[in-house]
Every structure is written in structure tokens, then in C-alpha cells.
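Structure at a glance
One letter stands for each residue in the lines below.
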Amino acid sequence: MLDAIVECLVKRKLTVKAYAARCAIICADVLAFIAMLAILLFVPAFMALDLVIVVLAAVFTYLVFRNTDVEYEYSFFDGELAIDKVMHKMTRKKLRRFNLTKMDCMAPVGSRHLGGGVNNHVKFDFSTQYEDDKHFIAIVHGDDNVVAEVMFTPNEELLEKIKQAYPRKVYLDIND
């Protein structure tokens, strides 16, 4: 009954760093285009250099846009929460796996059940970063006695499945 897999895919908001990288690469592309035109007009013998400039600009632009378009996929199966990073809807990277049987509690951000926050926790942010979304924090003990504070943005189905598996550890409202 509880061993069904539940998956949730959420898109992460573009960060300021991602916007800056995208703007920088577009400016670099414009400069590369101007350099390409200058080489083509003044030194036509270096036409191969134009080709290298175009190829490098295209590759760097592709890499920047691919790595700044991020989605997270949460998978819950057999007491384990796996979090993968999906870049540009093409490349998947396994980030972390958390054993929720070792979870202290899971509650929305700002809940009194999370306490005041201890400084020695390792914090992971796998949330969407949108202010309108309801973000949850799970406090999980690792195998190496490290306490992880995991922030993520689950959907209703994932929340219900985790609540069903760990009813005394999951709080769905701030005032629960």
C-alpha cells in the first residue's frame, strides 16, 4: 500500500545569478558578432576565424541557457526521498537521497515545529523559490551523524504519501 512511487516535478525560479549569466552571454554574443563582421570586412583571409567565433559563441550560449533552466524532481519510494536536478528538460543529475525513516519532522517554512533553527545543520534548498508556493522543510539525520535541513516544494500527492507513511512526523499547516 505505501510502496507506490510518487514523483513531483517543479520548475525553479531563475536566480539573479542566472539572469546575470544570461545577460552576460548575450552581450558576449553581440561582441562576437561585431568582431566577426570586423574580421570579415577588414581581413577576409581569416574567414576560418569567423567560423571559430560563431561556433564558440553558440556553444557557450547553449551551455549557459541549459544550466540556468532548472527543474527539480522529487521521488518518494520505500521511505526514501530522492531529489534530481533536470536541466533544460534534457539532462538529469541525481543530487541527494534522504532516508525519511530518520526524519525528525517535516513542516511548512515558518512552522513552530521546526524550532528556532540550529546552526550546525547542513541546509539544502531544492525549492522553487517562488514566494506564492508552499515550501516545506524536512529535518533528516544522515548516516554520518549530520543533520540535514531540506527545503523543497512538494505537490499535494507527494505530501499525502509522506503524511500517510509518517503521520506523527509531518505537519501540513503552520499552526498544526
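Given the structure is predicted, the values throughout are model-derived calculations rather than measurements. (Residues numbered from 1 in each chain as written. Predicted model: local features only at pLDDT ≥ 70, side-chain atom pairs only at ≥ 80, totals over all residues. Heavy atoms only, no water.)

Notes on the packing of helix H1 (residues 16-42) against helix H2 (residues 47-68)
Here is the rule we go by: Here the axes come from fitting lines to C-alpha atoms, over the contacting stretch only for helices, and the angles between their N-to-C directions go from 0 to 180 degrees. Strands are runs of DSSP state E lasting at least two residues, helices are runs of H or I lasting at least four, and both sets are numbered from the N terminus onward. Put simply, angles under 35 degrees are roughly parallel, angles over 145 are roughly antiparallel, angles from 65 to 115 are roughly perpendicular, and the rest are oblique. Any two residues whose heavy atoms approach within 4.5 Å are treated as being in contact. The residue classification treats Ala, Val, Leu, Ile, Met, Phe, Trp, Tyr, Cys and Pro as nonpolar and Asp, Glu, Lys and Arg as charged. All others, Gly included, are polar.
At a minimum axis separation of 10 Å, H1 and H2 run at an interaxial angle of 170°. As summarised for this structure, H1 and H2 are arranged roughly antiparallel, according to the angle between their axes. From H1, Ala18, Ala21, Arg22, Ile25, Ile26, Asp29, Ala32, Met36, Ile39 and Leu40 reach across to H2, where they touch Met47, Leu49, Asp50, Ile53, Val54, Ala57, Phe60, Thr61, Val64, Phe65 and Thr68. Of the residues assigned to the contact of H1 with H2, the class counts are 16 nonpolar, two polar and three charged.

Structural notes on the state of the cysteines
Worth spelling out the cut-off: To count as a disulfide, a pair of cysteine sulfur atoms needs to be within 2.5 Å. Under the scheme applied here, a residue whose accessible area is under 20% of the maximum for its type counts as buried, over 50% as exposed, and between as partly exposed, the area being computed with a 1.4 Å probe on protein chains only.
Counted according to the given criterion, the structure contains zero disulfides. Cysteine 27 supplies the cysteine sulfur nearest to cysteine 23, a cysteine that is in no disulfide, at a spacing of 6.7 Å. Accessibility expressed as a relative area gives 48% for cysteine 23, which makes it partly exposed. Looking at cysteine 27, the relative accessible area reads 49%, which means it is partly exposed.

Overview of unusual backbone geometry
Its identity is not glycine, yet aspartate 78 carries a phi of approximately 55°, on the positive side. Mapped onto the secondary structure, aspartate 78 falls in the loop between strand E2 (70-77) and strand E3 (80-87). For aspartate 78, a relative accessible area of 61% translates into the label exposed. The backbone phi angle of histidine 88 is positive, close to 55°, even though this residue is not glycine. Tracing the backbone through its elements, the reader meets histidine 88 in the loop between E3 and strand E4 (91-99).

Re H1
In plain terms, the rule: Expected span, for any helix, means 1.5 Å times one less than how many residues it has.
Over its 27 residues, H1 runs 39 Å from end to end, which matches the ideal 39 Å to within 8%, given 1.5 Å per residue. Those residues of H1 that sit buried are Ala18, Arg22, Ile25, Ala32, Met36 and Ile39. Among the structural elements, H2 are those in contact with the buried residues of H1.

A word on the environment of histidine 113
Topologically, histidine 113 is positioned in the loop between strand E5 (103-108) and strand E6 (122-126). The spatial distance from the C-alpha of histidine 113 to the C-alpha of threonine 128 is 22 Å, given a sequence separation of 15 residues.

Some thoughts on helix H3 (residues 156-165)
Helical geometry: 3.6 residues make up each α-helical turn, so side chains three or four residues apart lie on a common side. This is how it is decided: Note that the arc is defined by the directions from the helix axis to the C-beta atoms.
Those residues of H3 not exposed but buried are Leu158, Leu159, Lys161 and Ile162. Buried residues along H3 cover an arc of 165° about the axis, so they all sit on one side. H3 presents Glu156 and Glu157 as exposed residues on the side facing more than 90 degrees away from its buried surface. Contact partners of the buried residues in H3: strand E1 (6-11), E2, E5, strand E7 (136-141) and strand E8 (147-152).

Structural notes on the sheet that holds E1
What counts is decided by this rule: Any two strands with at least two DSSP bridges between them are considered paired.
Strand order in the open sheet made by the four strands is E1-E2-E3-E4, with antiparallel pairing throughout. Looking at the sheet topology across the chains shown, the edges are occupied by E1 and E4. Strand-to-strand, the axes of this sheet are offset by a mean angle of 20°, without reference to chain direction. The pairing of E3 with E4 spans eight bridges and is classified as antiparallel. Along E4, the bridge assignment pairs leucine 81 with phenylalanine 98. In this fold H3 packs onto E1 and E2, with an angle of close to 30° to the strand it touches most, E2.

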